[in-house]
Amino acid sequence: MDRFQAITTFARVVETGSFARAAERLGVSVSSVSRQVADLEAHLEARLLNRTTRRLSLTESGRAFHERCVQLLADLEEAEQSANAGTVRPRGTLRLTSSITFGSRHLAPAIAAFMARYPDMRFDVELSDRAVDLVEEGFDAAVRIGAIGSQNVVARKVGITRLVCCAAPSYLAAHGEPRHPDDLAAHVCLTYEYSTQRDVWVFRGDEGREHRARIGGPIHANNGRFLEALAVAGAGIVCEPDFIVGPDVRAGRLRSLLPGFEPPTSAIHVVYPSRRHLSAKVRAFTDFLVERFATPEWALADSPSGESPVPAGKPAANRKR
């Protein structure tokens, strides 16, 4: 058995979730993939995968072994790149995950610009608002807004977004404009699933005091872009990130409300497993996003940006959108 090839095959099976997809990615037969994994299990005298007719899942031993395999393959790739240090350019496939709205609106054009600079790069991207286990699912990195997650990850801030409380002119003409956060209790507010408290919006006044506004309404959703469309149609007031509602506010389709009362900001991070060395491709892409998002196109006002790695944590809200 070629142990390195077997380890590579096993890692691809876990990444793709099936023997067939792993075989397609590796350019070999399904029987070859199955045999290599079986030989690896025999060599280790441990079952790595639970196999059913519908899905594959890692055993406890398989999960621990897979984490080491991912680290080993990342180390090897970095060692190869270090051997050509001076002439090395980012290359290979970067497996990346991000939220749906931010990914489609802002990450996609960023990736296109990055690939124009580094044509040897490839991307395998999953857009999802679910919590992704980077190690178990074989991702190199994630772009996350707000909560970094409870995983053992390292994060680097690449940008910032702030919430904007806004409504369509048609809604304001029919219902009036709130002048204070407390006035929101009498208005139709469109609520978001992943907010920490779906019935409270938090603002900070010019004097620095926090105002917790009780809100509610007939529409609740798990996608910020959907709530944006409802707000533009005059269905109610939203409190959404500027990377979603910024174009609508600038175009006059939505009007920013409550001057003097600022909703919170959320940092945008690139996160990667803390037990894995930062590969050249992840480092280059992160540097590129720091540069690109320093003056983000979505901002309605200047947004600060930072570059220092920070430990994993749980900020007040998880702004997936």
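Residues numbered from 1 in each chain as written. Predicted model: local features only at pLDDT ≥ 70, side-chain atom pairs only at ≥ 80, totals over all residues. Heavy atoms only, no water.

1. A look at the environment of aspartate 242
Here is step 1: Checked against the element boundaries, aspartate 242 lands in helix α8 (residues 242–251).
Here is step 2: What makes aspartate 242 buried here is its relative accessible area of 0%.
Here is step 3: With near-sequence residues (within four places) excluded, aspartate 242 lies in contact with Thr161, Arg162, Val164, Pro247, Trp298, Ala299 and Leu300.
Here is step 4: A distance of 3.4 Å separates the side chain of aspartate 242 from the side chain of tryptophan 298, its partner in a polar contact. (Helix = DSSP H or I, 4+ residues; strand = E, 2+ residues; numbered from the N terminus. Buried < 20%, exposed > 50% of the residue type's maximum accessible area, 1.4 Å probe, protein only. Contact = heavy atoms within 4.5 Å. Polar contact = N/O pair within 3.5 Å; in protein donor to acceptor, adjacent residues only side chain to side chain.)

2. Brief notes about the confidence of the model for the protein chain
Here is step 1: With 88% of its residues at a pLDDT of at least 70, the protein chain reaches an overall mean of 84.
Here is step 2: Mean pLDDT across the secondary structure elements of the protein chain bottoms out at strand β15 (residues 309–311), with 37, and peaks at helix α6 (residues 169–175), with 97.
Here is step 3: Segment residues 302–319: pLDDT under 50, and 48 contacts once partners within four positions in sequence are set aside and those in other chains are kept. (pLDDT = per-residue confidence, 0-100.)

3. Focus: helix α1 (residues 3–16)
Here is step 1: Between the first and last C-alpha of α1 there are 20 Å, a value that for 14 residues agrees with the 20 Å anticipated at 1.5 Å per step.
Here is step 2: Ala6, Ile7, Thr8, Thr9, Phe10, Ala11, Val13, Val14, Glu15 and Thr16 are the residues of α1 that are buried.
Here is step 3: N-capping of α1 is provided by aspartate 2, with a side-chain oxygen placed 3.2 Å from the backbone N of phenylalanine 4.
Here is step 4: Once α1 ends, the next one or two residues include glycine 17, with phi positive near 85°. (Expected span 1.5 Å × (residues − 1).)

4. A closer look at the pattern of salt bridges
Here is step 1: With the rule as written, the count across this model stands at 16 salt bridges.
Here is step 2: Residue arginine 156 pairs with aspartate 287 through a salt bridge whose shortest N-O separation is 2.5 Å. Here aspartate 287 lies in helix α9 (residues 280–292) and arginine 156 lies in strand β6 (residues 153–167), a separation of 131 residues in the sequence.
Here is step 3: Since its relative accessible area comes to 17%, arginine 156 is described here as buried. (Salt bridge = Lys/Arg side-chain N within 4 Å of Asp/Glu carboxyl O.)

5. Side note on the side chain of threonine 191
Here is step 1: Following the sequence through the fold, threonine 191 ends up in strand β7 (residues 191–192).
Here is step 2: Setting aside residues no more than four positions away along its own chain, threonine 191 makes contact with Arg198, Ile215, Ile219, His220, Ala221 and Leu227.

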